[in-house]
Amino acid sequence: MKAAMAAEVAEFPAKYGRVPHLAVILVGDNPASVSYVTGKAKASAEVGIRNTTIRREASITEEELLALIAELNADDEVDGILVQLPLPAHIREERVIAAIDVRKDVDGFHPANVAALWQKQPCTLPCTPKGIIRMLERAGVDIAGREAVVIGRSNIVGLPVSKLLLDRNATVTVAHSRTKNLAEVTRRAEILVVAIGRPKFVTADMVSDGAVVIDVGVNRDPETGKLCGDVDYAAIEPKASVITPVPGGVGPMTIACLMENTIECFLRGRE
Ligand code: GUN
């Protein structure tokens, strides 16, 4: 996927005079966010996209951050703007997201993009949900008519991936940390998407034989300190028909979709 995008981007200077430009804003030094932003810069380099990562202290005010976004909105040489989440508690995330020019919203988090998704209108799809559907398609999983269970209801993953599965005619149950008898619910899943953010939250007894398991979690294993997902991989891998590892599964696909969204924003109005 990255090689194909790199080949496409290589033709842009001759066709359009320059390559796409992604601006990434990182506020503070949360280690997970630093690592995500580094991954985005690396992928940009591989695809040939120009990446400007702008770091600001955690003490930045909301007004200062909004002013920075306004500058990037006005810059004709910036095609995509991404503000790494979460932001410090004193900054209202929803104000920041809404301030990004919707045409540069490579994350698909702007309220106009969210509304368009739920109204089945053309929009920029959020990267992780888009990547999950891409992985299911690549693995040859038929989505139509299947029982899907999504654990998690965040704006970033749970809600939009549920909508994308629904649009592909899965029957979708959205569960969460307070769902009663969660194991009974998840055992019905032919496709199980887990985005709850707790290491080994999903145990082998919660998964039916042959299920497709998509692990969106990125956690530290409290025993080993290593990166791990929300799913007990070693216990579930033998019974799942498809399972995504952490690291290495959904994360890289999310970043590939971000590159794709950046190219889409660049091309909009040019083709
Ligand atoms: N934090 C965790 N996932 C994401 C993402 O997809 N985009 C942004 N901007 N922040 C995140």
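The following paragraphs examine the structure supplied in this document.

What counts, and at which threshold
Residues numbered from 1 in each chain as written. Predicted model: local features only at pLDDT ≥ 70, side-chain atom pairs only at ≥ 80, totals over all residues. Heavy atoms only, no water. Buried < 20%, exposed > 50% of the residue type's maximum accessible area, 1.4 Å probe, protein only. Helix = DSSP H or I, 4+ residues; strand = E, 2+ residues; numbered from the N terminus. Pairing = 2+ DSSP bridges. Polar contact = N/O pair within 3.5 Å; in protein donor to acceptor, adjacent residues only side chain to side chain. Contact = heavy atoms within 4.5 Å. Near = heavy atom within 4 Å. Areas by Shrake-Rupley, 256 points an atom, 1.4 Å probe, with all protein chains shown as cover. Expected span 1.5 Å × (residues − 1). Arc of directions from axis to C-beta. Axes fitted to C-alpha atoms, helices over the stretch in contact; angles between N-to-C directions.

**A short note on the pairing of strand β3 (residues 80-83)**
Residues of β3 alternate between two faces, with G80 and L82 on one and I81 and V83 on the opposite face, all of them buried. Bridge count for strand β1 (residues 21-27) against β3 is 4 bridges, and the pairing is parallel. Its bridge partner lying in β3, A23 is registered against I81.

**So, the side chain of K130**
Tracing the backbone shows K130 in helix α7 (residues 127-138). Reaching out from K130, the side chain makes a polar contact with the side chain of N261 at a distance of 2.6 Å. Of the polar contacts made by the side chain of K130, one reaches the side chain of E264; its length is 3.4 Å. Residues contacting K130, with those up to four places away along its chain left out, are L125, L164, C257, E260, N261 and E264.

**Notes on the site of the ligand**
If you check the shell around the ligand, you find K40, L82, V83, Q84, L85, D107 and F109 and nothing else. Here a nitrogen atom of the ligand and a side-chain polar atom of Q84 are 3.3 Å apart. Contacts to the ligand include D107, whose side-chain N or O atom sits 2.6 Å from a nitrogen atom. When the free accessible area of the ligand is taken as 280 Å², the share hidden by the protein chains comes to 83%.

**Quick word on helix α4 (residues 62-74)**
Helix length check: α4, at 13 residues, gives a terminal C-alpha distance of 18 Å against a target of 18 Å (1.5 Å per residue), a fit within 8%. Among the residues making up α4, those that are buried are E62, L65, L66, L68, I69, L72 and N73. Looking straight down α4, one finds its buried side chains confined to an arc of 155°; they lie on one side. Seen from the buried face of α4, the exposed residues on the opposite side, beyond 90 degrees, are E71 and A74. Residues of α4 that are buried in the fold lie against β1, β2 (50-56), β3 and α5 (93-99).

**A look at the sheet that holds strand β7 (residues 212-215)**
In space, the 5 strands of this open sheet follow the order β5-β4-β6-β7-β10, with parallel pairing throughout. Two strands bound the open sheet, and with one partner strand each, they are β5 (171-175) and β10 (242-243). The pairing of strand β4 (residues 147-151) with β5 spans 5 bridges and is classified as parallel. Opposite I151, over in β5, you have A175 as the bridge partner. Where helix α8 (residues 158-167) meets the sheet, it contacts β4, β5 and β6 (191-194), and its direction lies at approximately 170° from that of β4.

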